[in-house]
Amino acid sequence: QVQLVESGGGLVQPGGSLRLSCAASGIIFGISVMGWYRQAPGKQRELVAGITSGGTPNYADSVKGRFFISRDNAKNTVYLQMNSLKPEDTAVYYCNATELTRRSWGQGTQVTVSS
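This structure is a prediction, so every number in the text was calculated from the model and none was measured. (Residues numbered from 1 in each chain as written. Predicted model: local features only at pLDDT ≥ 70, side-chain atom pairs only at ≥ 80, totals over all residues. Heavy atoms only, no water.)

Chemist: How do you make sense of the state of the cysteines when you look at a structure like this?
Modeler: Defined simply, a disulfide is a covalent bond joining two cysteines at their sulfur atoms. Under the definition given, this model contains one disulfide. There is a disulfide in this structure between C22 and C95, and the S-S distance comes to 2.1 Å. Every disulfide takes its handedness from the sign of the S-S torsion; for C22 and C95 that torsion is -80 degrees, giving left-handed. A residue pair is termed long-range when its members are at least 10 positions apart, and C22 in strand β3 (residues 18-25) and C95 in strand β9 (residues 91-98) qualify at 73 residues. (Disulfide = S-S within 2.5 Å. Helix = DSSP H or I, 4+ residues; strand = E, 2+ residues; numbered from the N terminus.)

Here's what the structure looks like:
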(Lines give C-alpha, C1' and ligand atoms only; values in the text may rest on other atoms or scores of the structure.)
Protein backbone atom coordinates (compact mmCIF):
# COMPACT_ATOMS: atom_id res chain seq x y z
CA GLN A 1 0.00 0.00 0.00
CA VAL A 2 1.58 3.24 -1.22
CA GLN A 3 0.72 6.47 0.51
CA LEU A 4 2.04 9.96 -0.16
CA VAL A 5 0.59 12.61 2.12
CA GLU A 6 1.21 16.28 1.39
CA SER A 7 0.89 19.06 3.92
CA GLY A 8 1.83 22.71 4.33
CA GLY A 9 -0.34 24.37 1.72
CA GLY A 10 -2.41 27.43 2.40
CA LEU A 11 -3.00 31.07 1.60
CA VAL A 12 0.00 33.38 1.41
CA GLN A 13 0.60 36.92 0.19
CA PRO A 14 2.78 37.62 -2.85
CA GLY A 15 6.41 37.60 -1.80
CA GLY A 16 5.74 35.23 1.05
CA SER A 17 6.96 31.71 1.70
CA LEU A 18 5.54 28.27 2.35
CA ARG A 19 7.10 24.88 2.94
CA LEU A 20 5.35 21.80 1.65
CA SER A 21 6.02 18.36 3.07
CA CYS A 22 5.31 14.92 1.65
CA ALA A 23 5.45 11.91 3.93
CA ALA A 24 5.84 8.64 2.06
CA SER A 25 5.07 5.07 3.04
CA GLY A 26 4.77 1.81 1.14
CA ILE A 27 7.67 2.62 -1.19
CA ILE A 28 11.40 2.08 -1.07
CA PHE A 29 12.00 5.73 -0.38
CA GLY A 30 15.79 5.61 -0.44
CA ILE A 31 15.94 4.58 -4.10
CA SER A 32 12.98 6.60 -5.33
CA VAL A 33 13.17 9.77 -7.35
CA MET A 34 10.85 12.25 -5.68
CA GLY A 35 9.15 15.21 -7.26
CA TRP A 36 6.69 18.00 -6.86
CA TYR A 37 4.15 18.79 -9.56
CA ARG A 38 1.45 21.41 -9.69
CA GLN A 39 -1.79 21.94 -11.53
CA ALA A 40 -3.32 25.38 -11.86
CA PRO A 41 -6.97 25.92 -12.79
CA GLY A 42 -7.52 25.19 -16.46
CA LYS A 43 -3.99 23.91 -16.99
CA GLN A 44 -2.21 20.57 -17.20
CA ARG A 45 -0.13 19.19 -14.40
CA GLU A 46 3.50 20.27 -14.67
CA LEU A 47 6.76 19.32 -13.02
CA VAL A 48 8.00 21.90 -10.52
CA ALA A 49 11.01 20.20 -8.97
CA GLY A 50 12.60 16.79 -8.69
CA ILE A 51 15.28 15.23 -6.55
CA THR A 52 17.22 12.05 -7.16
CA SER A 53 17.80 9.33 -4.62
CA GLY A 54 21.24 10.83 -4.08
CA GLY A 55 19.88 14.30 -3.38
CA THR A 56 20.53 16.05 -6.69
CA PRO A 57 17.76 18.58 -7.39
CA ASN A 58 16.35 19.97 -10.59
CA TYR A 59 13.78 22.71 -11.16
CA ALA A 60 11.43 24.12 -13.70
CA ASP A 61 12.72 27.39 -15.12
CA SER A 62 9.75 29.25 -13.66
CA VAL A 63 10.78 28.46 -10.08
CA LYS A 64 14.59 28.41 -10.24
CA GLY A 65 16.09 30.54 -7.51
CA ARG A 66 12.82 30.66 -5.59
CA PHE A 67 11.89 27.06 -4.83
CA PHE A 68 14.11 24.45 -3.20
CA ILE A 69 13.50 20.73 -2.96
CA SER A 70 15.10 18.52 -0.33
CA ARG A 71 14.63 15.09 1.18
CA ASP A 72 15.15 13.43 4.52
CA ASN A 73 15.54 9.72 3.96
CA ALA A 74 15.45 9.00 7.69
CA LYS A 75 11.94 10.47 7.79
CA ASN A 76 10.83 9.25 4.35
CA THR A 77 9.88 12.84 3.62
CA VAL A 78 10.46 15.25 0.76
CA TYR A 79 10.07 19.00 1.10
CA LEU A 80 9.46 21.95 -1.17
CA GLN A 81 10.53 25.31 0.21
CA MET A 82 8.75 28.02 -1.77
CA ASN A 83 10.00 31.59 -1.48
CA SER A 84 9.11 34.85 -3.21
CA LEU A 85 5.75 33.42 -4.13
CA LYS A 86 3.82 34.90 -7.02
CA PRO A 87 0.13 34.73 -7.89
CA GLU A 88 1.01 32.48 -10.84
CA ASP A 89 2.30 29.91 -8.35
CA THR A 90 -1.29 29.31 -7.26
CA ALA A 91 -2.09 25.65 -7.88
CA VAL A 92 -2.68 22.30 -6.30
CA TYR A 93 0.73 20.83 -5.55
CA TYR A 94 1.22 17.08 -5.80
CA CYS A 95 3.96 14.84 -4.46
CA ASN A 96 5.29 12.13 -6.76
CA ALA A 97 7.45 9.09 -6.20
CA THR A 98 9.10 7.31 -9.10
CA GLU A 99 10.36 3.80 -8.51
CA LEU A 100 11.75 1.40 -11.10
CA THR A 101 8.33 0.14 -12.19
CA ARG A 102 5.67 2.56 -10.99
CA ARG A 103 4.77 6.15 -10.21
CA SER A 104 2.76 7.15 -7.16
CA TRP A 105 0.91 10.36 -6.38
CA GLY A 106 -0.31 12.16 -3.32
CA GLN A 107 -3.74 13.72 -2.99
CA GLY A 108 -2.47 17.26 -3.43
CA THR A 109 -2.35 20.37 -1.29
CA GLN A 110 -3.70 23.77 -2.31
CA VAL A 111 -1.37 26.75 -2.50
CA THR A 112 -3.00 30.12 -3.06
CA VAL A 113 -0.92 33.28 -3.51
CA SER A 114 -3.09 36.36 -3.24
CA SER A 115 -3.35 39.73 -1.56
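Chemist: What is the right way to look at the nonpolar core in this model?
Modeler: Within soluble globular proteins, side chains that are nonpolar generally end up buried alongside one another. Of all hydrophobic cores here, the largest spans 27 residues; its most connected members are M34, W36, F67, V78, L80, M82 and Y93. Mapped by element, the contributors of at least two residues to this core are β3, β4 (33-39), β5 (46-51), β7 (67-72), β8 (77-82), β9 and β11 (109-113). (Core = buried A, V, L, I, M, F, W, Y, C linked by side-chain atoms within 4.5 Å. Buried < 20%, exposed > 50% of the residue type's maximum accessible area, 1.4 Å probe, protein only.)

Chemist: Teacher, can you tell me more about the pattern of salt bridges here?
Modeler: Oppositely charged side chains may form a pair once their charged atoms are brought near each other. Tallying each qualifying case throughout the model produces five salt bridges. In this structure, R38 and E46 form a salt bridge, with 2.9 Å as the shortest nitrogen-oxygen distance. In this structure R38 comes out as buried when scored by relative accessible area, which is 6%. Measuring nitrogen to oxygen at the nearest pair gives 2.8 Å for the salt bridge that ties D89 to R66. Of this pair, D89 sits in the loop between β8 and β9 while R66 is found in the loop between β6 (57-59) and β7, placing the two residues 23 residues apart along the sequence. Neither D89 nor R66 differs from the other in exposure class; each is buried. (Salt bridge = Lys/Arg side-chain N within 4 Å of Asp/Glu carboxyl O.)

Chemist: Would you explain the sheet that holds β3 in this entry?
Modeler: For sheets, the rule is that strands pair by backbone hydrogen bonds, running either parallel or antiparallel. The strand order β1-β3-β8-β7 describes an open sheet built from four strands, whose pairing is antiparallel. Of all strands in the sheet, those with a lone pairing partner are β1 (3-7) and β7, marking the two edges. On average, adjacent strands in this sheet sit at an angle of 15 degrees to one another, irrespective of strand direction. With five bridges connecting them, β1 and β3 associate as antiparallel partners. Looking across to β3, one finds that Q3 is bridged to S25. (Pairing = 2+ DSSP bridges. Axes fitted to C-alpha atoms, helices over the stretch in contact; angles between N-to-C directions.)

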